[in-house]
Amino acid sequence: MQIHSMPQTLAEKILSRAARKASVHPGEIVTCQVDLAMIHDSGGPRRVGPILRRLGVPVWDPERVVVITDHYVPTFDADSEQILALTREWVRAQGISRFHDQQGICHVVLPEQGHLQPGTLVVGGDSHSPTGGAFGCYMFGVGATEMAGVLATGEIWIRVPETIRLEWRGAFAPGVVAKDVMLFLCGKLGMDGGRYQAVEYAGEAIGAFSMQERMTLSNMTAELGGQAGLVAPDEQTAAWLRERGADPGDWSKWQSDPDAAVAEHHVFDASQLTPQVAAPHSPANSAAVEKFASVVPDVLYLGACTGAKLEDLRAAARLLQNRKIRTGLEFWVAPASVKDREQAKQEGTLSLLEEAGAKLLPSACGLCAGYGPQRLGPGQVCLSSTARNFKGRMGDPSAQVYLASPLTLAATALAGRIADPREFLKDVA
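Now for a look at the structure at hand. (Residues numbered from 1 in each chain as written. Predicted model: local features only at pLDDT ≥ 70, side-chain atom pairs only at ≥ 80, totals over all residues. Heavy atoms only, no water.)

Re the overall build of the protein chain
- Counting its regular elements, the protein chain contains 15 helices and 18 strands.
- Its C-alpha atoms give the protein chain a radius of gyration of 21 Å, near enough to 22 Å, the size a compact globule of 429 residues would have.
- With the C-alpha coordinates of the protein chain rotated into their principal frame, the extents come out at 60 × 55 × 40 Å.
- Within the protein chain, buried positions represent 60% of all 429 residues.
- Summarising the internal contacts of the protein chain: among those between residues at least 6 apart in sequence, 74% fall at separations of at least 24.
- Carbon and sulfur atoms provide 49% of the accessible area of the protein chain, an area that totals close to 16,000 Å².
- Averaged over its 40 positive side-chain charges, the protein chain has a centre that lies 2 Å from the centre of its 47 negative ones. (Helix = DSSP H or I, 4+ residues; strand = E, 2+ residues; numbered from the N terminus. Rg over C-alpha atoms; globule rule 2.2 N^0.38 Å. Buried < 20%, exposed > 50% of the residue type's maximum accessible area, 1.4 Å probe, protein only. Contact = heavy atoms within 4.5 Å. Areas by Shrake-Rupley, 256 points an atom, 1.4 Å probe, with all protein chains shown as cover. Lys, Arg positive; Asp, Glu negative; His and termini not counted. Charge placed at Lys NZ, Arg CZ, Asp CG, Glu CD.)

This is how it looks when you write it as structure tokens:
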């Protein structure tokens, strides 16, 4: 391939490679080779399988397909049992070896199993697939029909996006995490602020985030309305991938050129951001945590791919150590992956949460997506670490769901009302 002949953004560089072109420009429609496709049990084999049968074709390359079960696990009725059985049979029939059955939420399992590499084009069968952008991949979600096309041909057409750069300068204060960043951005820019373009998170404050925190940023690009959410890879990215058996490749070349044109460039002062909460029924209904001090939840849900990874569990446990949650509060914890769950158990993080009064739930999508028996009842008020709080998504349509970070959830568990975690962090060693 020729060297890029003009300054390009990270998104343009990745798509140039996938399209086998020296360069691409925004608005251009290109056909790209897909490096990896990820599907799960809900939108996967039961949807794409019949399409491929009608076309009379197998999966184009079983080694480039990852299947993860996370929506209908653990099984809770005859339908969920049938869906999992269908998924397993389809995987066997297609000869797919990268199958992770009941190992946690796909967006967390995919990178932790070493399937991502900077500079690659990855397509996922779920709206939160932009999570892969935390590793310098161009990853986005598609529906079942388009995914069937990918599985049949190994290709997809893309209108090259513009890039919206969101730069955070300085450093975030203690108690402020990636979830607060995304809730703030949803409120500031709106749920169409990403305009289905490539959103790139930049600045020293973003660089200081851990990989799991960056995953939260990229994941919630879906709530901003972006197609992909990118964080340029760095030494931390490479080390994280190597630890999980992945080859980061020549990661250093996957950076936006300093003089590459972007559609929008927003600059924020990280030191000014405070913990955020989003009111029902939209992540865009966000404001500083103190605005919600009178809200008394019935249920706290520490779960989902944006709120129950290992570092999220650790953050909540650190605040709850040697303390008890308020009487009358239900505190449900669903670790995002089995691997994170096992690590949290080994190091004592889970026991700290349980000793404080938390109830452990399976590592699956569960309540976040409204799957399984654990659902919100009529009129219940929930403070959740999930990415979305749409009406009826987590249970009864009359339930009220607020969104916040794992730290804010832990503070609320202690206060019995929505509380600023900074009130309690000062007492934590």
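Observations regarding the pairing of strand β5 (residues 121-124)
- Residues Leu121 and Val123 of β5 are buried on one face, and the alternating residues Val122 and Gly124, pointing to the opposite face, are buried as well.
- Summarising the sheet, strand β2 (residues 36-40) and β5 pair through 3 bridges and their orientation is parallel. The partner of Leu36 across the bridge, within β5, is Val122.
- Judged from the 4 bridges that link them, β5 and strand β6 (residues 138-141) form a sheet pairing that is parallel. For Gly124, the partnering residue across the bridge sits in β6 and is Gly141. (Pairing = 2+ DSSP bridges.)

A closer look at the nonpolar core
- Membership of the largest hydrophobic core comes to 64 residues, with the highest contact counts inside it found for Phe135, Leu320, Phe331, Leu353 and Tyr402.
- Per-element accounting of this core gives the leading share, 7 residues, to helix α14 (residues 406-415).
- Residues in contact with Leu320, not counting those within four places in the same chain, are Ile325, Phe331, Leu353, Ala356, Ala410, Ala413 and Leu414.
- Formed by 39 residues, the second largest nonpolar core is a distinct cluster that contains Val176, Ile206, Leu361 and Cys368. (Core = buried A, V, L, I, M, F, W, Y, C linked by side-chain atoms within 4.5 Å.)

Things to note about helix α12 (residues 338-346)
- Inspection of α12 places Val338, Asp340 and Ala344 among the buried residues, and these make up the whole buried set. For α12, the angular spread of buried residues about the axis comes to 160°, placing them on one side.
- On its buried face, α12 sits against α4 (106-112), α8 (211-219), α11 (310-320) and α13 (349-356).
- Two residues or fewer after α12 comes Gly348, characterised by a positive phi angle close to 95°. (Arc of directions from axis to C-beta.)

Side note on the pattern of salt bridges
- Going through the model one piece at a time under the given rule, you end up with 19 salt bridges.
- Taking the shortest distance from any N to any O, the salt bridge between Arg64 and Asp35 comes out at 4.0 Å. Residue Arg64 is found in the loop between α2 (45-55) and β3 (65-69), and its partner Asp35 is found in the loop between β1 (29-33) and β2; the two are separated by 29 residues along the sequence.
- For Arg64, a relative accessible area of 33% puts it in the partly exposed group.
- You can call Asp35 buried: its relative accessible area is 16%.
- Residues Asp234 and Arg214 are paired through a salt bridge, measuring 2.8 Å at the closest nitrogen-oxygen approach. Of the two residues, Asp234 is situated in the loop between β10 (228-230) and α10 (235-243) and Arg214 in helix α8; the sequence distance between them amounts to 20 residues.
- Residues participating in the shared-partner salt-bridge network are Arg17, Asp35, Asp61 and Arg64. (Salt bridge = Lys/Arg side-chain N within 4 Å of Asp/Glu carboxyl O.)

Focus: α2
- Of all the residues in α2, the buried ones are Pro45, Val48, Gly49, Ile51 and Leu52.
- Contacts made by the buried residues of α2 are with β2, α3 (78-94) and α5 (144-153).
- Gly56 sits one or two positions beyond α2 and adopts a positive phi of about 75°.

Digging into the side chain of Ser256
- With respect to the helices and strands, Ser256 occurs in the loop between α10 and β11 (264-269).
- Residue class for Ser256 comes out buried when judged on its relative accessible area of 16%.
- Polar contacts involving the side chain of Ser256 include one to the main-chain amide nitrogen of Leu10, which spans 2.7 Å.
- Beyond its immediate sequence surroundings of up to four residues, Ser256 is in contact with Gln8, Thr9, Leu10, Arg165 and Glu200. (Polar contact = N/O pair within 3.5 Å; in protein donor to acceptor, adjacent residues only side chain to side chain.)

Topic: unusual backbone geometry
- Note the cis peptide between Val73 and Pro74, where omega equals -10°.
- The topology assignment puts Pro74 in the loop between β3 and α3.
- At Arg20, a residue that is not glycine, the phi angle is positive and equals roughly 60°.
- Assignment of secondary structure puts Arg20 in the loop between α1 (10-19) and β1.
- Even without a glycine there, the phi angle at Gln102 is positive, about 60°.
- Mapped onto the fold, Gln102 is located in the loop between β4 (99-101) and α4.
- Overall, the relative accessible area of 35% leaves Gln102 in the partly exposed class.

A look at the packing of α11 against α12
- Here α11 crosses α12 at 35°, and the two axes come no closer than 9 Å. The hand of the α11/α12 crossing is right-handed. Only Asp340, Gln343 and Ala344 of α12 make contact with α11, whose side of the interface consists of Leu310, Leu313 and Arg314.
- When the residues that make up the contact of α11 with α12 are grouped by side-chain class, the tally is 3 nonpolar, 1 polar and 2 charged. (Axes fitted to C-alpha atoms, helices over the stretch in contact; angles between N-to-C directions. Left-handed = near helix turned anticlockwise from the far one by under 90°. Nonpolar A, V, L, I, M, F, W, Y, C, P; charged D, E, K, R; others polar.)

Quick notes on the packing of aromatic side chains
- The final tally for this structure, using the stated rule, is 10 aromatic pairs.
- Seen in terms of ring centroids, Tyr72 and Tyr371 are 5.0 Å apart; in terms of plane orientation they differ by 90°. Their pairing is edge-to-face. Pair noted here: Tyr72 is in the loop between β3 and α3 and Tyr371 is in the loop between β16 (359-360) and β17 (381-384), with a separation of 299 residues, a long-range link.
- Relative to Tyr402, the ring of Phe292 lies with its centre 6.0 Å away and its plane at 75°, an arrangement referred to as edge-to-face. (Phe/Tyr/Trp six-rings, centres within 6.5 Å; stacked < 30°, edge-to-face > 60°.)

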